[in-house]
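Chain by chain, the residues:
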Amino acid sequence: MFGQDKGNMLIKNATVLTVTKGTLTETDVLVKDGKIAQIGKSIAAPQGVKVIDATGLFVMPGIIDAHSHIAIDGINEATSPVTAEVFEGDVVNPLQMGIYRALGGGVTAVHAMHGSANAIGGQCETLKLRWGTFDADAMKMEGAPRTIKFALGENPTRVHGEGNNIVPRTRMGVEFVIRKSFSDAKKYMEDWDAYNKNRQAPGFRGAAPVYNLRLETLADILKGNIIIHCHSYRADEIFMLLKVCKDFGIKRLTFQHVNEGFKVAPELAAFGAGASVFSDWWAYKFEVYYSTAYNAAILTKNGVVTSINSDDAEMMRHLYHEAGKTQKYGQLTDEEALALITINPAKQLGIDARTGSLEVGKDADIAIFKNHPLSIYGVPQFTIVDGIVRFDRANDPADMRLLVDPKQNLDETMFSEKGRDNCMDGTEFLFTDNSQGKK
Amino acid sequence: MKKIQLFTGLLSALLCALVFHIDAQNPKGKFGTFALTNATIETVTKGTIRNGTVVISNGKITAVGENVSIPQGAETIDCKGLYIYPGMIDSGTNLGLSEVGSDARTRDFSEIGDIIPQMKALTAVNPNATAIPVTRVSGITTALAVPSGDLFPGTAALINLHGYTPDQMFAGFEGVVMEFPRSGRRGFFDRRTDEEVKKANDNALKRLNEIWDRAVQYHKVDSATNGKGAGYYPEMQALMPVVRGERTLLIEVNPAKDIQAVLKWVKEKKVKKVVLTGVSEGWRVADEIAKAKIPVITGGILELPTREYDRYDQSYASAGQMAKAGVKVIIRSAENGNQNFRNLPYHAGFAVAYGMDKTEALKAITITPAEVFGVADKIGSIEVGKVANLFVCDGDPFETKTQIKNVFIAGWQMPMVSRQTLLYDEFLKRDPGVNKN
């Protein structure tokens, strides 16, 4: 299999959870060249096309994780409070086992994010889980908008204020770092605009401003070309960034984690900012002490575009279950709950025209479940990316080793702690007490 | 006129005070006689009763069945369309021992020292930990609070999740915790050579054996002198009941090779009451565990496989695989970092989704731990004479969307409120909204 492969198939006789266009029973989905070509009853199989009999099964859009750190070999460039110039796209690793395991949980796309050590972190990459390719670039979702990681609160203040003894040490400092960065970028942009305007003029003798990749990136945020995804927890810091963005005319903004988002849900809704939350994580650090598992429900009912993310290689495998928890905590409908892991994260990443629901013309990124995906008994059977089956439970290998004698006795257990990459990965050296609460 | 004004003034002041009083008070549990009627009762040990009644009186279950006379004065709770289950037991938590994970000042599960079995979790359990109501409103009525750290990090205690002192919460079981020396590397960051790893493990095992031999000696001296001549060695006094087979040893062990080493060690030392905990690779050596007739507390289930090349769903499937091999399996959540012990039924549910028998999985969080902890006469099922630890719900308790309607702990009807529900009530429709009028 190659990353760029696009498949054809017919999925027969399923309960189709389109998310945006209702639930269709005994329905077929036809895939052509990696796109959904037709959804309807009794579609005839074109000759030679793979047919999946999905009788009794549930078909839903591939799950999208708006906050992940899998498939990348570097997470925090924790050397400065502002590192807008670095790219996760430079360190994509298509061979990480976490990719396959995420497919086993119905996930088809992830937002591979920079960590939360810096107030303004690096640029992130939206990946499709094209497991099987050795080509890092083929993992990237072509045409996905650019995104960047921001971070508020304890992580940047601990790393820089506490760890490196530089601003920010407080939430005041975080605001200042961000405002200063945007102000510098605005000036940089104006200098370039002036230069570009004047340089054709006869007799112009000025020099071009010095090219600066960091300021270029920040200027692209101001121009609306990059979506901010901001690690945040407390209501006050969330409100702060809303005000900063308003002041600089920035509109494309999604908050990540946002545990106290429920406290400023009306403000988030009025701004049009997204919220990408954990279903129920709390208590691992002080800034998540006043959390509630009803967060996603409160945000949704207040009109905020909300998603549920994992930030964790294990939780990513059951985001459908995490979404299901909103039916316990807030009694969301099936459609509202499924939107949290499909169309809503797609909106937050700016890829909703291509993915996030089952509609004709969209990419054939599909998860097929035994039992309803919001049920505890839901088990992914097939995960399909661009019409190619990348996970098939019935044909899943019991031993994932490549080119190794499966009978070889490896008696040493290496617990997969590397798989639990998180927001503070790569900053451990700064702290002595880092046993818990690293998110 | 003035009098009337004064009177109404006083009255409204009184009313205000009363209202304020009610508002300011945290809701309390309620003790009394209750009849839960018209329910489907999953007793766990005596099958399912349809359209039945459970009577709770004086903290105990006093009647269970289809034709039960309701005592006079009982508060009747109509459970039509609802289900009654025994309270769930999470057999591996740091509940009450930790408040905020990253804040060392609020962490009380890990004391200094490697041989400290005398450190009692029950002492440090905070009855007012925020996580306790958060956990119990999800139907978990009982938890094992476990210290952790080095070789013998302390003594775990089983607690009911209601009470204002540790004594009121104590549910009748304490066990000494051992973290069996780990043979392999600790993770990708562990850069020791093979020789260094082996040497460290050999030394750790040597230390364990020395301590155990000392405990055996201590027991002999203590027996020979009728408890007078052994001297004050608190760690030995804590280990002595384990040596004598009077107290359970909870051995945390995960890699397959280490599980085999534990089985051998337990046999050699003739340790009588043993439970293995963690046991994430127990499935690799399930037959050997079954043959040794040692129960296991396994979990969390929602974990990654232990080895990169393992089947992707191995950790979901292993509890069921061990049970099939004949191992007595208990499921724990082990959600210490996030204090998310409320997810215990989902750990059991995932085990079922990936192959475990559903009845076995239910037992693994109710009657099986009660049996293994020696408190099956008190908790773990719905039977007459048992402590009234139970919950009422509107469906399969493993199912994610199921709502827990009522929780009783030792006969106390719990308020279905936690900080998390209070925040929901306050913020669902925040007032003022965007504009402050």
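Let us look at the structure shown here. (Residues numbered from 1 in each chain as written. Chains lettered and ligands numbered in written order. Predicted model: local features only at pLDDT ≥ 70, side-chain atom pairs only at ≥ 80, totals over all residues. Heavy atoms only, no water.)

Here's the deal with the overall build of chain B
1) Next: Each helix and strand counted, chain B has 13 helices and 17 strands in total.
2) Next: Since a compact globule built from 437 residues should have a radius of gyration of about 22 Å, the 25 Å found for chain B is in line with a globular shape.
3) Next: Taking the principal axes of its C-alpha atoms as reference, chain B extends roughly 95 × 55 × 50 Å.
4) Next: Burial analysis of chain B (437 residues in total) assigns 55% to the buried set. (Helix = DSSP H or I, 4+ residues; strand = E, 2+ residues; numbered from the N terminus. Rg over C-alpha atoms; globule rule 2.2 N^0.38 Å. Buried < 20%, exposed > 50% of the residue type's maximum accessible area, 1.4 Å probe, protein only.)

A short note on the pairing of strand 8 (residues 120–128) of chain A
All names here are of chain A.
1) Next: With 9 of its 9 residues buried, strand 8 lies for the most part within the structure.
2) Next: In terms of strand pairing, strand 8 meets strand 9 (residues 146–151) through 3 bridges, oriented antiparallel. Residue pairing in the sheet places Cys124 in a bridge with Thr147 of strand 9. (Pairing = 2+ DSSP bridges.)

Digging into the interface of chain B and chain A
1) Next: The interface of chain B with chain A comprises 68 residues on the first partner and 68 residues on the second.
2) Next: Buried area between chain B and chain A, both sides added, is near 6,300 Å², and the carbon and sulfur share of it is 52%.
3) Next: Looking only at chain B, the three residues that lose the most surface to chain A are Leu304, Tyr309 and Tyr312 of chain B, adding up to 12% of its buried area.
4) Next: If you look at where chain B meets chain A, you find 4 salt bridges.
5) Next: Between Arg101 of chain A and Glu308 of chain B there is a salt bridge, with its nearest N and O atoms 3.9 Å apart.
6) Next: Our count for the chain B to chain A interface comes out at 35 residue pairs in polar contact (both at pLDDT 80 or more).
7) Next: Every element with two or more residues in the side of chain B that touches chain A is listed here: helix 3 (131–136), helix 7 (256–269), helix 9 (314–324), helix 10 (344–353) and helix 13 (419–427) of chain B. (Contact = heavy atoms within 4.5 Å. Buried area = accessible area lost by both parts, 1.4 Å probe. Salt bridge = Lys/Arg side-chain N within 4 Å of Asp/Glu carboxyl O. Polar contact = N/O pair within 3.5 Å; in protein donor to acceptor, adjacent residues only side chain to side chain.)

Some points on the pattern of salt bridges
1) Next: Here the structure, examined in full by the defined rule, presents 51 salt bridges over all chains.
2) Next: Among the salt bridges present, the one from Glu371 of chain B reaches Lys328 of chain B, with a minimum N-O distance of 3.0 Å. Of the two residues, Glu371 of chain B sits in helix 12 (residues 367–372) while Lys328 of chain B sits in the loop between helix 9 and strand 14 (329–331), which places them 43 residues apart along the sequence.
3) Next: Classification of Lys328 of chain B as partly exposed rests on a relative accessible area of 39%.
4) Next: Connected through shared salt-bridge partners, Lys6, Lys35, Lys128, Arg130, Glu142, Arg354, Asp363, Asp365 and Asp386 of chain A make up one network.

Details of helix 7 of chain B
Residues and elements named next belong to chain B.
1) Next: Relative to the 20 Å expected for 14 residues at 1.5 Å per residue, helix 7 spans 20 Å between its end C-alpha atoms, a close match to the ideal helical length.
2) Next: Turning to helix 7, its buried residues are Ala256, Asp258, Ile259, Val262, Leu263, Trp265 and Val266.
3) Next: Structurally, helix 7 contributes buried residues whose contacts are with strand 10 (170–179), helix 5 (194–224), strand 11 (248–253), strand 12 (274–278) and helix 8 (286–292).
4) Next: Once helix 7 ends, the next one or two residues include Lys270, with phi positive near 55°. (Expected span 1.5 Å × (residues − 1).)

So, the sheet that holds strand 10 of chain B
All names here are of chain B.
1) Next: Across the sheet, 8 strands lie side by side as 7-8-9-10-11-12-13-14; this open sheet has mixed pairing. What marks the edges here is a single partner per strand, and that holds for strand 7 (88–93) and strand 14. The sheet shows a mean angle of 25° between the axes of neighbouring strands, direction not considered.
2) Next: In the sheet, strand 10 pairs with strand 11 via 5 bridges, with the strands oriented parallel. (Axes fitted to C-alpha atoms, helices over the stretch in contact; angles between N-to-C directions.)

Re the packing of aromatic side chains
1) Next: According to the stated counting rule, one finds 30 aromatic pairs over all chains in the structure shown.
2) Next: Seen in terms of ring centroids, Phe278 of chain A and Tyr284 of chain A are 6.5 Å apart; in terms of plane orientation they differ by 80°. Their pairing is edge-to-face.
3) Next: Between Tyr294 of chain A and Tyr424 of chain B, the ring centres sit 4.2 Å apart and the planes meet at 20°, which makes this aromatic pair stacked. Of this pair, Tyr294 of chain A sits in the loop between strand 12 (274–277) and helix 7 (295–301) while Tyr424 of chain B sits in helix 13, which puts the two residues in different chains. The pair Tyr294 of chain A / Tyr424 of chain B is uniform in exposure class, with both members buried.
4) Next: Each residue in the set Tyr320 and Phe369 of chain A together with Tyr316, Phe350 and Tyr354 of chain B is aromatic and connected to the rest through ring pairs, giving one cluster.
5) Next: Directly above the ring of Tyr289 of chain A sits Arg419 of chain B, whose terminal nitrogen or CZ lies 4.2 Å from the centroid. (Phe/Tyr/Trp six-rings, centres within 6.5 Å; stacked < 30°, edge-to-face > 60°. Lys NZ or Arg CZ within 6 Å of the ring centre and 35° of its normal.)

Comments concerning a nonpolar patch on the surface
All names here are of chain A.
1) Next: Taken together, the side chains of Phe87, Tyr211 and Leu213 define a hydrophobic patch exposed on the protein surface, amounting to about 300 Å² of accessible area.
2) Next: For Phe87, the location among the structural elements is in the loop between strand 6 (63–68) and helix 1 (97–103).
3) Next: Taking the relative accessible area as the measure of exposure, Phe87 reaches 35% and is therefore partly exposed. (Patch = residues over 30% accessible without salt bridge, like charges linked within 9 Å, V, L, I, M, F, W, Y side chains within 5 Å. Areas by Shrake-Rupley, 256 points an atom, 1.4 Å probe, with all protein chains shown as cover.)

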